[in-house]
Amino acid sequence: MLYISRWKALAILLTAFVVCLFAVPNFFPESTVASWPKWAQRHIVLGLDLQGGSHILLEVDTAAVRKEKLEQLKDDARRVLREVRPPIRFAPPAVRGNIVEVRLLENADPQAALAKLRELSQPIGGLLGGAGQRSLEIVNVGGGLIQLSLTEPAIRERITQAVQQSIEIVRRRVDELGTVEPLIQRQGEDKVLVQVPGLQDPTRLKELLGKTAKLEFRMVDTSMTVEQALAERPPPDSEILYGTAKEGKHPYLIKKQVLVSGAELTDAQPGFEQRTNEPIVQFVFNSSGARKFGQATIENVGRLFAIVLDNEVISAPVIREPITGGRGQISGNFTVESANDLAILLRAGALPAPLTIIEQRVVGAGLGQDSIEQGRRASYFGSALVVVFMLVTYGIFGIFANIAVAVNVGMIFGILSMLNATLTLPGIIGIVLTVGIAVDSNVLIYERIREEVRHGRSAITAIDAGFTRALATILDSNITTFIAAAVLFLFGTGPVRGFAVTLGIGILTTVFTAFTLTRLIAAWWVRWTRPQRLAIS
Amino acid sequence: MRVHSSIPLLRIVPDDTKFDFMRFRRISFPMSAILSIAAILLFFFHGLNFGIDFIGGSLIEVRTVNGPADLAKMRAALSGLGLGDVQLQQFGGPTDVLIRVAQQPGGEVAQQQAIAKVRQALGNEVEYRREEVVGPRISTELLAGSTIGLVVAIFAILIYLWFRFEWQFALGAMIANVHDLVLTIGYMSLTQIDFDLSSIAALLTILGYSLNDTVVIYDRIREMLRRYKRMPMPELLNISVNSTLSRSIITHVTVTLALLALLLFGGHAIHSFTATMIFGVVLVGTYTSVFIAAPILIYLGVGTTRMGEDAAEKS
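The rules behind the values
- Residues numbered from 1 in each chain as written.
- Chains lettered and ligands numbered in written order.
- Predicted model: local features only at pLDDT ≥ 70, side-chain atom pairs only at ≥ 80, totals over all residues.
- Helix = DSSP H or I, 4+ residues; strand = E, 2+ residues; numbered from the N terminus.
- Rg over C-alpha atoms; globule rule 2.2 N^0.38 Å.
- Buried ≥ 20, exposed ≤ 12 C-beta atoms within 10 Å, placed from the backbone.
- Contact = placed C-beta atoms within 7 Å.
- Expected span 1.5 Å × (residues − 1).
- Bend = angle between axes of the 7 residues up to and from the residue.
- Nonpolar A, V, L, I, M, F, W, Y, C, P; charged D, E, K, R; others polar.
- Pairing = 2+ DSSP bridges.
- Axes fitted to C-alpha atoms, helices over the stretch in contact; angles between N-to-C directions.
- Left-handed = near helix turned anticlockwise from the far one by under 90°.
- pLDDT = per-residue confidence, 0-100.

Draft legend 1. Just the overall build of chain A, in detail. When you go through chain A residue by residue, the secondary structure sums to 16 helices and 18 strands. Taking 24 Å as the expected radius of gyration for a compact globule of 537 residues, we find that chain A reaches 34 Å, considerably beyond that expectation. Seen through its C-alpha atoms, chain A measures out along the principal axes to roughly 110 × 65 × 40 Å. In chain A, which comprises 537 residues, the proportion classed as buried is 44%. In chain A, of all internal contacts separated by at least 6 residues, the share reaching a separation of at least 24 is 70%.

Here it is as structure tokens:
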């Protein structure tokens, strides 16, 4: 156990040294490190709790995704039934709960309708998807009634898509804020995590994320007055929408058909109306959007159309002349800032479903700085206490233990840097606790050696036996703590995860140094001093 | 060359202690049973002081810009907002105030509106140091996730110990360490210390540390069982505990020193975490390994068949 070949010793020292070396970039300012080779630039990232910033967890409204998908299915069903030849008569399909119901009239042959509806059902996940999984379930109830429902995999696929699209759009919106290194990632099934370091007032960010930004150009329905529609009921292809809070939530009767949507915009910029100097948003359609919009304005000169954003009527101007150039502008009681925000939202695109903020944690830079200071003081003081205690208890062996602990901490920082890991306040606690654990492995070894000495062994055989027996114990006892850390990593979130990371890495380095470095030092010491008798304290 | 191999400076535990730990089980077992029941009763009837991580709501830490905080004035400003239960608490220095706003009825959006109102009421006289809003959905998820995490950890460790030792050891360690967790939860209920995500981290770490200690003793017991085939169990356990006593104590001193530094200098944010750890690791964990984990092996039937069974074998 005590004989370690020269090559092995070199490998041990080299490993420890190189790992520690990775911690070096953390001690230099970022500007200096930037000129180093790429592999040497990896460094520890301070968590939001230490550098300040905003952590916002958003939830994608999956109920809205389901609903939209059902509405779309309803429209598709109507479309394909019209294509049935010879034509059949049917009542307009309706959404009932999670089902779209189609009722054929006048004893129409259901087979032709079913064949057409089945074309709507797509295989899930492309060619490689699960065998036989399709997007629709079609039940012929009889009596002309056909029920369509979305299969669970189809809905899940749509939700996954919606979350991915949301992430993309959230990223575009956050990028507009011009912040440094925002982190945007999916969390769980239907959540999106946004972390913006340094952002201390997330009000504007929340405003940008809180809007779906679904822009639609629709016609105002003038077949009856709004008052009539409110009193009775609106025509089937129209609905009542309200104006913005600023203009007193005025009701409008708006056709459901969308002439052009925000998806067909290529650009949007804030600007000013030349005559009134009022803030506006100017936009440009893509070619198909420009064609549709031009066609609609040609057909409807003199009528009212509505600009609807997130089911709210921003403005409802009269079409004075055909707009065929593909350019337009929106005015609607904007301030400079709200015009700017709307332009950002329109450029970034609409979210597939609304996002709700379900968790928000903001730390100011002042608190972060204080936490770093406190963490630093606690670790210095804690380490000093442990170092002195070990010296007093074990003398020269205490020095060995302290060397092992120092290498341990160095290696933890090195590994954290290699992983580009995030250091949080609980993470600092984990490092301080590791100092305690690392010492423990040395204590186990030394106490075991002392016992062997008491049983009458000579110095060298005692050290040898002590290591052999203690190492098995060290492995067993550390694995249990490691399991706890691993579970904490899997189930924990945020800063607590940082604790699990440092604790886990600390256990690995502890076991490494106990098996290699501590042994190597002891071997050298034995060879150097050739002790006859041994008295560890 | 003859070198002084080491300088004996401080001996915390004398060599060759011969405490009869096993006899103490007649006191320690009933005592632990009573304390555990008390802890469970506390948990059910006194409850834990759940933080916003688990029950939702908002938490704002502010620092007044001009002089010490006037809690009464701030309370008056906030109580008129109609946000239900609003708690203010001095947090650290005289300028630091922690404001807790209870979970608002009306889902996720209502929480956001509440915090906006608080910001408006406090205006620019304070610096916002921390602002946390946890909605009802996520708090339920966090609580469920944490509970599952604890249970998974316990079973993962149980399975590991079962592989490494005999099943009696695994079971004994589990009983001992669930006992630790129960007592710690009782302590948290009694002191009404904040119970949040970091408390779960504390509980898991206590579990890990306490098992670490137990495993060291069990390791020794297993070794002794192999070496002394005919020694009666209580004696064997006593020798095992005594021979690892010095290590147990020294290790706990170092961990305590590290924790003490964290408690004294780590600031308010980690205060509840370290306080819980000190109770769990230092007070309970040490006691459990020696007085519960080791003697329980007698009841679990380790070594009952050893007498005479393999008399021919000698170590």
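Draft legend 2. How the structure looks around helix α8 (residues 233-265) of chain B. Residue and element names in this part refer to chain B. Helix length check: α8 (33 residues) gives 46 Å between terminal C-alpha atoms against 48 Å at 1.5 Å per residue, within 8%. Along α8, the helix axis deviates most sharply at L245, where the bend reaches about 45°. Taken from the residues just after α8, G267 is the one with a positive phi, measuring 85°.

Draft legend 3. Region of interest: the environment of I240 of chain A. Position of I240 of chain A relative to the elements: it lies in strand β10 (residues 238-243). Those residues in contact with I240 of chain A that sit more than four places away from it in its chain are A229, L230, P234, P251, Y252 and L253 of chain A.

Draft legend 4. Expanded view of the interface of chain A and chain B. Contacts between the two partners involve 69 residues from chain A, matched on the other side by 67 residues from chain B. Going through the elements one at a time, β2 (53-60), β17 (355-363), α11 (365-394), α12 (396-418), α13 (425-454), α14 (459-491) and α15 (494-515) of chain A are the ones with two or more residues in the side of chain A that touches chain B. When residues in the side of chain A that touches chain B are grouped by element, the largest group, 15 residues, is from α11 of chain A. In the side of chain A that touches chain B, the residues fall into 38 nonpolar, 19 polar and twelve charged. With five bridges joining them, β17 of chain A and strand β5 (residues 126-134) of chain B adopt antiparallel strand pairing. Within the sheet, the bridge partner assigned to E359 of chain A lies in β5 of chain B and is V134 of chain B.

Draft legend 5. Region of interest: the sheet that holds strand β11 (residues 251-261) of chain A. Residue and element names in this part refer to chain A. In spatial order, the strands read β9-β11-β10-β15-β14; together these five strands close into a barrel with mixed pairing. Strand-to-strand twist of the sheet, defined as the mean angle between neighbouring strand axes without regard to direction, takes the value 55°. Inspection of the sheet shows β10 paired to strand β15 (residues 312-315) by two bridges, in the parallel sense. Bridging across to β15, G243 finds its partner in V313. Sheet contacts for helix α9 (residues 287-299): β9 (215-220) and β11; angle to β11, the most-contacted strand, approximately 135°.

Draft legend 6. Molecular detail of the pairing of β11 of chain A. All names here are of chain A. As defined by bridge partners, β9 adjoins β11 across four bridges and the pair is classed as antiparallel. Following the sheet pairing, R218 is matched in β11 by V258. Where β10 and β11 come together, five bridges link them in antiparallel fashion. Paired with E239 across the two strands is I254, which belongs to β11.

Draft legend 7. Here's a closer look at the environment of G107 of chain B. If you trace the backbone, G107 of chain B turns up in helix α4 (residues 107-122). Here the alpha-carbon distance between G107 of chain B and P136 of chain B, two residues 29 residues apart in the chain, equals 6.8 Å.

Draft legend 8. Region of interest: the sheet that holds strand β12 (residues 265-272) of chain A. Residues and elements named next belong to chain A. The antiparallel open sheet is built from three strands, whose spatial order is β12-β13-β16. Looking at strand neighbours, the two that pair on one side only are β12 and β16 (327-330), the edges of this open sheet. Between one strand and the next, the sheet's axes are offset by a mean angle of 25°, whatever the strand orientation. Two elements, β12 and strand β13 (residues 279-285), share seven bridges in a ladder whose sense is antiparallel. Bridge pairing links L265 to F285 in β13. Along the sheet, helix α10 (residues 336-348) contacts β12 and β13; its crossing angle with β12, the most-contacted strand, is approximately 170°.

Draft legend 9. Highlighting the pairing of strand β3 (residues 90-96) of chain A. All names here are of chain A. Here β3 pairs with strand β4 (residues 99-104) via five bridges, running antiparallel. Note on β4: the bridge partner recorded for V95 is V100. From the end of β3 to the start of β4, which pair antiparallel, there are two residues, and G97 there has a positive phi angle of about 65°.

Draft legend 10. Just the packing of helix α6 (residues 167-191) of chain B against helix α7 (residues 197-227) of chain B, in detail. All names here are of chain B. Where α6 meets α7, the axes come as close as 10 Å, and the angle between the chain directions of the two elements is 145°. In this structure, α6 crosses over α7, and the sense of that crossing is right-handed. On α7, the residues touching F169, A173, A176, N177, D180, L181, T184 and M188 of α6 are S199, L203, I206, L207, S210, L211, T214 and Y218. Taken together, the residues that form the contact of α6 with α7 break down as ten nonpolar, five polar and one charged.

Draft legend 11. Inspection of the environment of A485 of chain A at higher detail. Among the structural elements, A485 of chain A can be located in helix α14. Look past the residues within four positions of A485 of chain A in its chain and what remains in contact with it is A500, L503, G504 and I507 of chain A together with G208 of chain B.

Draft legend 12. A look at unusual backbone geometry. The amide bond that connects R85 of chain A to the next residue, P86 of chain A, takes the cis arrangement and shows omega of -10°. Of note, P86 of chain A is situated in the loop between α4 (62-82) and β3. Non-glycine residue N420 of chain A carries a positive phi angle of around 50°. When you line up the elements, N420 of chain A lands in the loop between α12 and β18 (422-423). The backbone of Q192 of chain B shows a phi angle near 55°, a positive value even though the residue is not glycine. Position of Q192 of chain B relative to the elements: it lies in the loop between α6 and β6 (194-195). For Q192 of chain B, a count of 11 C-beta atoms within 10 Å puts it in the exposed group.

Draft legend 13. Inspection of the confidence of the model for chain B at higher detail. All names here are of chain B. Across chain B, the average pLDDT comes to 84, with 91% of residues at 70 or higher. Between residues 1-9, whose pLDDT stays under 50, and residues either more than four places distant or in other chains, the model counts 24 contacts. Contacts of residues 308-315 to residues separated by more than four positions or lying in other chains number five contacts, the stretch itself having pLDDT below 50. Here the predicted complex scores 0.80 on pTM and 0.85 on ipTM.

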